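Residues per chain are reported as follows:
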Amino acid sequence: MYNCEVNAEKLDNWIPQLEAYCRIQNLQEDDIMIRLASLRMEGETIVWLESNTQEEIKKQSKISISWNDFIAAIKRQFYPLAYMKKAIMNWQNFR
C-alpha cells in the first residue's frame, strides 16, 4: 500500500512489486496496470491520482497515459526533492 509518503525507498519498492504482480497475472495494458496501482494507494495518493485522471476517464472511459508516464508523474509528485537532485548528480557524475 502506498500512502503518499515522501519516501523514495518505499516508492522504489512499491513500483517493482506492482510490476511483478502485473507480469505474473499477464496484465499488459497500461490502463489496467494504473487502475491496479490505484487499488494499492491510500490517502492523498489516491486523491492525487483521481484528480489527474478523472477528466480522461469521463471522456474516454479509460486512463490514456502510459505506465511509464504514470511512474514518472508519481515520482515527480512524491519523491523527496533532495533525493531527486542527488540521483541527477549521481547520474551526471556516472556519465
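Look above for the structure.
These lines cover the structure that appears in this document, whether it is placed above or below. Just so we're clear, the structure is a prediction, and the values are computed from it rather than from any experiment.

A word on the overall build of the chain
So, step 1. Broken down by element type, the chain carries five helices and zero strands.
So, step 2. Start at the N end of the chain and walk to the C end: the helices and strands fall as α-α-α-α-α.
So, step 3. With 95 residues in all, the chain has 29% of them scored as buried.
So, step 4. For the chain, the exposed area adds up to about 6,700 Å²; of that, 50% sits on carbon and sulfur atoms.

Re the packing of helix α1 (residues 8–24) against helix α4 (residues 67–78)
Between two packed helices, both the angle of their axes relative to each other and the distance between the axes serve to describe the pair.
So, step 1. Packing of α1 against α4 brings their axes to within 11 Å, and their N-to-C directions diverge by 160 degrees. As far as their axial angle goes, α4 and α1 are roughly antiparallel. Once α1 is placed against α4, the crossing between them reads as right-handed. Across from L11, D12, W14, I15, L18 and E19 in α1, the residues of α4 making contact are W67, I71, I74, K75 and F78.
So, step 2. Tallied by class, residues from the contact of α1 with α4 come to eight nonpolar, no polar and three charged.

Points about α1
So, step 1. Between the first and last C-alpha of α1 there are 25 Å, a value that for 17 residues agrees with the 24 Å anticipated at 1.5 Å per step.
So, step 2. Buried residues of α1: A8, L11, W14, I15, L18 and C22, and no others. The arc that holds every buried residue of α1, seen down its axis, measures 125 degrees, which confines them to one face. With respect to the buried face of α1, the exposed residues turned more than 90 degrees away are E9, Q17, R23 and I24.

Points about the side chain of S38
So, step 1. For S38, the position within the fold is in helix α2 (residues 30–39).
So, step 2. Polar contacts involving the side chain of S38 include one to the main-chain carbonyl oxygen of R35, which spans 2.5 Å.

Some words on the nonpolar core
Generally speaking, soluble globular proteins have nonpolar side chains that are buried together.
So, step 1. Counting residues in hydrophobic clusters, the biggest one holds 21 residues, and the most contacted among them are L11, W14, W48, W67, F70 and I74.
So, step 2. The set of elements that each furnish at least two residues to this core consists of α1, α2, α3 (44–60) and α4.

A few points about the environment of N26
So, step 1. Here N26 lies in the loop between α1 and α2.
So, step 2. When its relative accessible area of 55% is taken as the criterion, N26 is described as exposed.
So, step 3. One polar contact links N26 to Q28, side chain to side chain, over a distance of 2.9 Å.

Cut-offs used in this document
- Residues numbered from 1 in each chain as written.
- Predicted model: local features only at pLDDT ≥ 70, side-chain atom pairs only at ≥ 80, totals over all residues.
- Heavy atoms only, no water.
- Helix = DSSP H or I, 4+ residues; strand = E, 2+ residues; numbered from the N terminus.
- Buried < 20%, exposed > 50% of the residue type's maximum accessible area, 1.4 Å probe, protein only.
- Areas by Shrake-Rupley, 256 points an atom, 1.4 Å probe, with all protein chains shown as cover.
- Axes fitted to C-alpha atoms, helices over the stretch in contact; angles between N-to-C directions.
- Parallel < 35°, antiparallel > 145°, perpendicular 65-115°, else oblique.
- Left-handed = near helix turned anticlockwise from the far one by under 90°.
- Contact = heavy atoms within 4.5 Å.
- Nonpolar A, V, L, I, M, F, W, Y, C, P; charged D, E, K, R; others polar.
- Expected span 1.5 Å × (residues − 1).
- Arc of directions from axis to C-beta.
- Polar contact = N/O pair within 3.5 Å; in protein donor to acceptor, adjacent residues only side chain to side chain.
- Core = buried A, V, L, I, M, F, W, Y, C linked by side-chain atoms within 4.5 Å.

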